[in-house]
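Summary of structural features
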Amino acid sequence: MMHTTTMMMTSKLGLIFACVEQLPAEQQQQQQQSNGESDTTNDVWNYVVFVSFVVVSALIPIRKRLCRRSTNSKSKQDYVFGAGHISTLAMMLSIARGTLGVISVLGYPSEFFYRGSAMWESLYGVITAYPIVCFVFIPVYFDLGITSVYQYLELRFNSRLVRCLASGTYILRTLLSLGVTIYTPTVALNTIIGVPYWVSLLSITLISIFFNALGGLKAAVAADVIQSLSMTAMLVGIIIYCSITVGGVDKIFTISSENDRFAFFNFAADLHLRVTTTSAWLGELFNSLSLLGCQQNFVQRYLSMPTFSQIRRTLMWNIPVVILLFSLPWFVGMAIYAIYWHCDPLKASVIAKMDEILPYFMVDRFDSVPGVWGIFVGTLFNGALTLNISNINSLATVTWEDFLSLIPALRKKSEKHQLNVIKLVGTIYAVVIMGVGFIVGLLSGVIESSMLIISATSGPLLGVFVLAMFIPFANWKGAAMGMIASHLSILWIVVGRLIESNVSDTLLDTSIEGCYADLMAAQQNASLLVVSIEEGVNAIETSDLLDRIYSITYMYYGVFGTVLTVLAGIVVSLATWSSHDQYNMKMLHPAVRWLYSRCPFSGKHFGSFEVAASGGAIQKETVPKC
């Protein structure tokens with residue numbers, strides 16, 4: 001509590017606008033006593049609101065499961081796919097929520113405040129990815145009757161190795177991502193409330209285990225819906241407050257425009273610029289295709305719907321929802337900038353990191369309003385919790401289908417026993433994710449390192465699916481070597497980037513003219529920043545070839561990874577193709593099959609072998625020679 005009180009006093013006294021009038025000493029003392037009593041009352045209300053919000057949000061999705069135990073809820077099919085009882089609207093919000101995490105709520109406002117709107121244009125890539133996933137990826141494996149999307153790779157390449165490589169990539173990426181995700185709200189909890197990091201991490205883990213044991217996919221989707229609605233309401237409320245404070249929405253846009261915060265339609269070809277319109281759109285397109293079309297937790301939601309028309313309707317209707325949810329944090333960044341544009345808390349040394357700007361705003365502006373920052377922190381906590389629960393469900397499913405089901409002793413067990421194993425695996429993953437969260441908090445630079453490695457895995461995963469769906473002569477040797485070569489190449493670039501310290505990361509200019517602060521100290525810090533930035537730029541300009549490679553923006557990692565996987569896969573496949581690599585042509589995309597039937601391959605065909613169709617029957621397709 002002492003830490004909390006200190007934080008409140010620091011946040012109130014740290015940033016004072018020049019227009020505030022000084023009070024006499026006696027009035028100040030009386031006001032401090034009154035404020036102390038008010039702060040104590042408000043703290044109690046905020047704690048109550050925070051705990052109540054988290055508890056209610058956690059119990060609503062599983063209320064039916066707690067009240068009665070239905071037969072269907074015990075089946076593995078219901079746990080994994082929700083048995084087709086999830087509404088279209090709920091699935092839309094869940095899929096949209098999965099593309100945006102807690103990191104976006106805290107990261108996008110600070111990104112706009114200190115770097116401008118350039119990263120906002122990554123929305124183009126997200127929008128472009130939805131119809132591609134809907135009409136290219138989904139039709140290929142919708143009728144296969146699989147519970148793991150990586151099972152498709154085994155059917156296509158007749159190789160368990162390729163399937164395990166893809167599954168391992170997904171598991172590693174998700175574990176690292178979730179470790180960062182659950183660590184993010186602990187920063188706000190520790191900064192605003194004073195809750196120790198380990199308490200927050202342990203709480204998220206225990207609730208996730210509880211959800212995983214009782215809920216399944218339906219509970220995860222319901223939790224996503226609650227989080228989407230609460231997060232949207234909170235962000236809209238912030239925008240409304242800032243609009244009233246600064247004098248209207250037009251004033252928010254005017255302030256941002258006059259201070260060079262808008263940076264749209266920059267088509268510069270320099271690969272070393274942190275983000276341009278081209279890199280934002282292209283990079284996010286490849287990352288979103290890997291996420292939406294090749295990742296288990298999303299495909300698991302598609303396959304839970306009974307018909308392809310419902311999937312198509314859900315995905316296409318989801319585009320405006322994603323636009324709204326993606327843009328709201330950026331509007332919040334604009335609104336907060338309109339409040340602090342002449343008094344930057346970071347430059348005034350009130351906050352230590354850029355991502356603290358939104359938590360600081362909530363305490364600075366709503367500390368006197370009971371329960372407001374309690375809802376804010378509760379939303380962040382619940383956001384990390386729901387993403388953790390949702391992905392644990394998918395991680396456990398992939399682990400069972402792609403690894404544990406190979407063990408004869410487990411495969412022969414009853415469905416109820418298999419479900420218990422899946423839940424146990426989910427519990428283990430929850431503990432592992434908590435451990436990653438602790439590591440993120442203990443080591444410096446782990447967050448950036450994890451995010452770079454996670455983004456680097458998008459290319460190999462997307463590339464192997466491109467090989468499977470669109471390259472008729474691709475075989476398991478080419479797919480495996482393509483993924484391995486891509487992983488090693490991108491990992492080499494990532495490690496080189498982390499080791500090299502001359503990657504320029506400039507921030508836009510901010511002002512502290514409206515603050516009561518030590519302007520000389522601030523100006524000195526600003527001059528040191530300029531010197532360090534200039535040194536970084538000069539180092540890049542005089543660097544050798546390796547430094548130029550290491551300084552390529554991470555926005556292109558997914559593109560490079562995909563291209564490397566496909567090219568290496570094609571070369572190795574052409575060099576190693578044999579009759580043992582024959583496969584069922586239904587594994588290819590329908591358009592590729594149509595083109596292949598008219599191909600000039602001099603009579604060579606890639607054969608067929610028997611695979612299980614969606615109904616469980618064994619079908620065999622013989623492909624006529626061209």
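Model, not experiment: these values are computed from the prediction. (Residues numbered from 1 in each chain as written. Predicted model: local features only at pLDDT ≥ 70, side-chain atom pairs only at ≥ 80, totals over all residues. Heavy atoms only, no water.)

Re the overall build of the protein
- Summing up its helical and strand segments, the protein has 26 helices and two strands in all.
- Counting across all 626 residues of the protein, residues that qualify as buried make up 53%.
- Taking as baseline every contact in the protein between residues at least 6 positions apart, the subset at least 24 positions apart corresponds to 85%. (Helix = DSSP H or I, 4+ residues; strand = E, 2+ residues; numbered from the N terminus. Buried < 20%, exposed > 50% of the residue type's maximum accessible area, 1.4 Å probe, protein only. Contact = heavy atoms within 4.5 Å.)

Re the confidence of the model for the protein
- In this model, the protein carries an average pLDDT of 76, and 72% of its residues clear a pLDDT of 70 or more.
- Averaged pLDDT values over the elements of the protein bottom out at 38 in strand β2 (residues 618-619) and peak at 95 in helix α25 (residues 557-576).
- For the stretch residues 1-28, pLDDT sits under 50, and the model shows 44 contacts to residues farther than four places along the chain or on other chains.
- Counting contacts from residues 69-73, a segment whose pLDDT is below 50, to residues more than four positions away or on other chains yields four contacts. (pLDDT = per-residue confidence, 0-100.)

Structural notes on the packing of aromatic side chains
- A full pass over the atoms with the stated rule returns 25 aromatic pairs.
- Aromatic side chains Tyr 241 and Phe 361 sit 6.1 Å apart centroid to centroid with 65 degrees between the ring planes, which places their arrangement in the edge-to-face category. With Tyr 241 in helix α11 (residues 217-246) and Phe 361 in helix α16 (residues 357-366), this residue pair connects regions lying 120 residues apart in the sequence.
- Looking at Tyr 241, the relative accessible area reads 24%, which means it is partly exposed.
- Judged by centre distance (6.4 Å) and plane angle (65 degrees), the rings of Phe 253 and Phe 331 are edge-to-face. In this pair, Phe 253 sits in helix α12 (residues 249-258) while Phe 331 sits in helix α15 (residues 308-340), placing the two residues 78 residues apart along the sequence.
- Phe 253 gets classed as partly exposed once you look at its relative accessible area, which sits at 35%.
- Here Phe 331 falls in the partly exposed class, since its relative accessible area comes to 30%.
- In this structure an aromatic cluster arises from ring pairing among Tyr 108, Phe 112, Trp 120, Phe 253, Phe 262, Phe 264, Phe 265, Phe 326, Trp 330 and Phe 331. (Phe/Tyr/Trp six-rings, centres within 6.5 Å; stacked < 30°, edge-to-face > 60°.)

Thoughts on the environment of Asp 260
- Within the secondary structure, Asp 260 is located in the loop between α12 and α13 (277-294).
- Residue Asp 260 is classed as exposed on the basis of its relative accessible area, which comes to 57%.
- Sequence-wise, Asp 260 and Ser 117 are 143 residues apart; in three dimensions their C-alpha atoms are separated by 9.4 Å.

Comments concerning the nonpolar core
- Within the largest apolar cluster, 133 residues are counted, with the highest numbers of intra-cluster contacts made by Tyr 141, Tyr 152, Leu 153, Phe 361 and Phe 465.
- A total of 15 residues in this core trace back to one element, the largest contributor, which is α15.
- With residues up to four places along the chain from it excluded, the contact list for Phe 361 reads Ile 238, Tyr 241, Cys 242, Ile 336, Ile 339, Tyr 340 and Phe 366.
- If you look at the next biggest cluster of nonpolar residues, it comprises six residues, including Tyr 583, Leu 588, Val 592 and Tyr 596. (Core = buried A, V, L, I, M, F, W, Y, C linked by side-chain atoms within 4.5 Å.)

A closer look at the environment of Arg 593
- Of note, Arg 593 is situated in helix α26 (residues 590-596).
- Arg 593 gets classed as partly exposed once you look at its relative accessible area, which sits at 30%.
- Remark: the alpha-carbon pair of Arg 593 and Pro 472, spanning 121 residues in sequence, is separated by 8.5 Å.
- Dropping the residues within four chain positions of it, Arg 593 is found in contact with Met 585, Lys 586 and Leu 588.

What to know about the packing of helix α21 (residues 458-470) against α25
- The contact between α21 and α25 brings their axes to 7 Å, and the two run at 40 degrees. By the angle between their directions, the pair α21 and α25 is classed as oblique. Classified by chirality, the crossing of α25 by α21 is right-handed. Counting all contacts with α21, which are made through Gly 459, Pro 460, Leu 462, Gly 463, Val 464, Val 466 and Leu 467, the residues of α25 involved are Gly 558, Gly 561, Thr 562, Thr 565, Val 566, Gly 569 and Ile 570. (Axes fitted to C-alpha atoms, helices over the stretch in contact; angles between N-to-C directions. Parallel < 35°, antiparallel > 145°, perpendicular 65-115°, else oblique. Left-handed = near helix turned anticlockwise from the far one by under 90°.)

Re the pattern of salt bridges
- In the structure shown here, the tally under the stated rule is eight salt bridges.
- A salt bridge links Asp 402 to Arg 163; the nearest nitrogen and oxygen atoms lie 2.4 Å apart. Of this pair, Asp 402 sits in helix α17 (residues 372-402) while Arg 163 sits in helix α9 (residues 160-193), and the two are 239 residues apart along the sequence. Each of the two residues, Asp 402 as well as Arg 163, counts as buried.
- For Asp 581, the salt bridge is made with Lys 477, and the minimal N-O distance between the two is 3.2 Å. Residue Asp 581 is found in the loop between α25 and α26, and its partner Lys 477 is found in helix α22 (residues 476-499); the two are separated by 104 residues along the sequence. (Salt bridge = Lys/Arg side-chain N within 4 Å of Asp/Glu carboxyl O.)

Section: the side chain of Ser 290
- Tracing the chain through its elements places Ser 290 in helix α13.
- Its relative accessible area of 0% is what places Ser 290 among the buried residues.
- Sequence-distant contacts of Ser 290, defined by excluding residues within four places in its chain, comprise Arg 173, Gln 295, Ser 458, Leu 461 and Leu 462.

Digging into the side chain of Ser 122
- With respect to the helices, strands and loops of the structure, Ser 122 is situated in the loop between α6 (102-115) and α7 (123-141).
- A polar contact of 2.7 Å, which involves the side chain of Ser 122, links it to the backbone oxygen of Met 119.
- Ser 122 has contacts with Ala 280, Glu 284 and Phe 326, leaving out every residue within four places of it along the chain. (Polar contact = N/O pair within 3.5 Å; in protein donor to acceptor, adjacent residues only side chain to side chain.)

Brief notes about the environment of Leu 289
- Within the secondary structure, Leu 289 sits in helix α13.
- Separated by 157 residues in the primary sequence, Leu 289 and Ile 132 have C-alpha atoms spaced 7.8 Å apart.

Observations concerning a nonpolar patch on the surface
- On the surface, a cluster of nonpolar side chains totalling about 320 Å² of accessible area is made up of Val 51, Val 55, Leu 59 and Phe 210.
- Sort the elements by how many residues they give to the nonpolar patch and helix α2 (residues 25-59) lands first, with three residues.
- Judged by relative accessible area, Val 51 falls into the partly exposed class, the value being 48%. (Patch = residues over 30% accessible without salt bridge, like charges linked within 9 Å, V, L, I, M, F, W, Y side chains within 5 Å. Areas by Shrake-Rupley, 256 points an atom, 1.4 Å probe, with all protein chains shown as cover.)

Some words on unusual backbone geometry
- In this structure, Asn 158 takes a positive phi of about 50 degrees despite not being glycine.
- Among the structural elements, Asn 158 can be located in the loop between α8 (151-157) and α9.
- Of note, the phi angle at Phe 265 is positive, near 60 degrees, even though the residue is not glycine.
- Structurally, Phe 265 can be placed in the loop between α12 and α13.
- For Phe 265, a relative accessible area of 56% corresponds to the exposed category.

So, the packing of α7 against α21
- Their axes nearest at 11 Å, the elements α7 and α21 cross at an angle of 70 degrees. Our classification of the angle between α7 and α21 gives roughly perpendicular. Both α7 and α21 take part in a crossing whose hand is left-handed. Contacts from Val 136, Phe 137, Val 140 and Tyr 141 of α7 reach α21 at Leu 462, Phe 465, Met 469 and Phe 470.
- Residue composition of the contact of α7 with α21, by class: eight nonpolar, no polar and no charged. (Nonpolar A, V, L, I, M, F, W, Y, C, P; charged D, E, K, R; others polar.)

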